[in-house]
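# Residue-level structural notes
Here is how the chains run, residue by residue.
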Amino acid sequence: MPPPVPDFLYGTAWKENRTAALTELALRTGFRAIDTANQRKHYHEAGVGEALAASYRAGLVTRADLFLQTKFTYQRGQDHRLPYDPAAPLALQVAQSLASSLEHLGTDHIDSYVLHGPSGYDWTDADAEVWEAMRQERDAGRTRLLGVSNVSLQHLARMAVMQAELPAFVQNRCFARTGWDREVRSFCHQHKIIYQGFSLLTANPEVLQHPPLIALAAQMNVGQTRATPAQLIFSFARAVGMLPLTGTSSAAHMKEDLASLDLKLPPELVQAIESIAG
């Protein structure tokens, strides 16, 4: 029985030689969904695999407990450490990248395979070729679900016009100043796509410092402690149908982030946060 779609993702970007230790810490803290990418420029996917192997050996989790998500990245988003032959056709690059990911992660399948950004400002023939190759990997059982990241409404609308299979997930950096990516989230809601929001805190420092939000957090409890502005943002994200990511390197913040699952915001507060603009 595959794990359900999670309610929180732990993101592993920008962690380099701390990737294994921090991913294992996240699992020990209670995260059961891990986001990575086969893009050595920004991720150390093999380090995620080291953390998984250590956690399995320790009896902390089994593969069946986990939701694993990784990505295919075009060459323009990579450095010289490529997970595929750059001279190969795109479809073969997709297959080679996923085979490498499965080896890194010590598994025969992942739960979600994401196109790590389309090739340009429109949905191109190259994107269509890559998407079809990803569909074939899904149909072969090497991934359960497919997603696209760093996309605009134009990309998604073009996919729909071309009658391409729409993704199960859209993963975007989420800015309050755009209404928390309102247009893309609306498209996702209409088409039953799960929106994954990343950089919810780091992209919105002005929101975390917003005096009314700080005051509201001080009036709310999570268990026996006062809620933090960060917890309000994560709770807000879930209230509007968003699957949030956190990439914190702090053990204390990991615990606080997971504790936000117990925080329920009143509708008027959800509306107030959604209307905050930087």
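Above this text you will find the structure in question.
These notes cover the structure that comes with them. Position numbers for residues start from 1 in each chain and track the written sequence from start to end. Per-residue local features of the predicted model are confined to residues with pLDDT of at least 70, and side-chain atom pairs are confined, for both listing and counting, to 80 or more; whole-chain, interface and lining totals are unaffected and use all residues. Hydrogens and waters are ignored; side-chain quantities use all the structure's heavy atoms.

## Concerning the overall build of the protein chain
Working definition: helices are DSSP H or I runs of at least four residues, strands are E runs of at least two. Numbering for both runs from the N terminus. For the protein chain, the helix and strand inventory stands at 11 helices and 10 strands. Over its C-alpha atoms, taken along the principal directions, the protein chain stretches across nearly 55 × 50 × 35 Å. Relative accessibility decides the category of a residue: with a 1.4 Å probe and only protein chains considered, values under 20% of the type maximum give buried, values over 50% give exposed, and everything between is partly exposed. For the protein chain, with 278 residues in total, the buried portion stands at 49%. Residues are treated as being in contact if the distance between any of their heavy atoms lies within 4.5 Å. Put simply, 71% of the contacts in the protein chain that link residues at least 6 apart link residues at least 24 apart.

## What about the side chain of Asp35?
Looking at the element boundaries, Asp35 is found in strand S2 (residues 33-35). Polar contact criterion, stated in full: a pair of N or O atoms within 3.5 Å, where within protein one must be able to donate a hydrogen and the other to accept it, and residues adjacent in sequence count only if both atoms are side-chain atoms. Reaching out from Asp35, the side chain makes a polar contact with the side chain of Gln171 at a distance of 3.1 Å.

## Comments concerning the sheet that holds strand S7 (residues 194-198)
Reading around the circumference, S1-S2-S3-S4-S5-S6-S7-S10 is the order of the eight strands in this closed barrel, with parallel pairing throughout. For this sheet the average axis-to-axis angle between neighbouring strands, irrespective of direction, equals 30 degrees. Pairing between strands is defined by DSSP: at least two bridges between them are needed. Each axis is a line fitted through C-alpha atoms, and for a helix only the stretch in contact is used; angles between axes span 0 to 180 degrees, taken between their N-to-C directions.

## So, the pairing of strand S10 (residues 242-246)
With respect to burial, S10 is a largely interior element, five of its five residues being buried. Side-chain alternation along S10 places Met242, Pro244 and Thr246 on one buried face and Leu243 and Leu245 on a second face that is also buried. Alignment of strand S1 (residues 9-11) against S10, held across two bridges, turns out to be parallel. Following the sheet pairing, Tyr10 is matched in S10 by Thr246.

## Focus on the environment of Thr248
Along the chain, Thr248 falls in the loop between S10 and helix H10 (251-259). For Thr248, a relative accessible area of 14% puts it in the buried group. Sequence spacing of Thr248 and Gly11 is 237 residues, and the spatial spacing of their C-alpha atoms is 8.1 Å. With sequence-adjacent residues up to four places away left out, Thr248 is seen in contact with Tyr10, Lys15, His253, Met254 and Asp257.

## A look at the packing of aromatic side chains
Each Phe, Tyr or Trp ring (for Trp, its six-membered ring) is paired with any other whose centre lies within 6.5 Å, and the angle between the two planes then decides the class: stacked below 30 degrees, edge-to-face above 60, tilted in between. The final tally for this structure, using the stated rule, is eight aromatic pairs. Ring geometry for Phe8 versus Phe31: centroids 5.5 Å apart, planes at 75 degrees, classification edge-to-face. Remark: Phe31 occurs in the loop between helix H1 (19-29) and S2 and Phe8 occurs in the segment before S1; sequence separation between them is 23 residues. Pair check on accessibility: Phe8 and Phe31 agree, each one buried. Plain terms: the ring middles of Phe67 and Phe169 are 6.0 Å apart, the flat faces sit at 85 degrees to each other, and that makes the pair edge-to-face. Of the two residues, Phe67 sits in strand S3 (residues 67-72) while Phe169 sits in strand S6 (residues 169-173), which places them 102 residues apart along the sequence. Neither Phe67 nor Phe169 differs from the other in exposure class; each is buried. By way of ring pairs, the aromatic residues Phe8, Tyr10, Phe31 and Phe234 are connected into one cluster.

## Looking at unusual backbone geometry
Phi is positive for Gln163, which is not a glycine, with a value near 60 degrees. With a relative accessible area of 73%, Gln163 lands in the exposed category. In this model, Ser199 sits at a positive phi of 60 degrees, which is unusual for a non-glycine residue.

## Some points on the packing of H1 against helix H2 (residues 45-57)
As a packed pair, H1 and H2 sit with axes 7 Å apart at the nearest point and diverge in direction by 45 degrees. Here H2 runs oblique to H1, going by the angle between their axes. Here the hand of the crossing between H1 and H2 comes out right-handed. Residues Thr19, Ala20, Thr23, Glu24 and Leu27 of H1 form the contact with H2, whose participating residues are Gly47, Val48, Glu50, Ala51, Leu52, Ala54 and Ser55. Just so you know how the angles are binned, under 35 degrees is roughly parallel, over 145 roughly antiparallel, 65 to 115 roughly perpendicular, and the rest oblique. Should the near helix be turned anticlockwise from the far one by less than a right angle, the crossing is left-handed, and should it be turned clockwise, the crossing is right-handed.

## Description of the pairing of S7
Side-chain positions along a regular strand alternate between the two faces of the sheet. The buried count for S7 comes to four of five residues, which makes it a mostly enclosed element. Think of it like this: strands point away, you trace from the first strand over the helix to the second, and a clockwise trace means the crossover is right-handed. Tracing the backbone out of S6, into helix H6 (residues 182-190) and back to the parallel element S7 gives a crossover that is right-handed.

## A few points about helix H3 (residues 90-105)
In an α-helix, one turn spans 3.6 residues; hence positions three or four apart end up facing the same way. Helix span, expected: 1.5 Å multiplied by one less than the number of residues in the helix. Taking 1.5 Å of rise per residue, the 16 residues of H3 would be expected to cover 22 Å, and the 22 Å separating its terminal C-alpha atoms lies within 8% of that figure. For H3, every residue scored as buried is listed here: Leu90, Gln93, Val94, Ser97, Leu98, Ser100, Ser101, Leu102 and Leu105. For H3, the elements touching its buried residues are H2, S3, strand S4 (110-115) and helix H4 (125-139). A positive phi of about 65 degrees marks Gly106, the residue just after H3.

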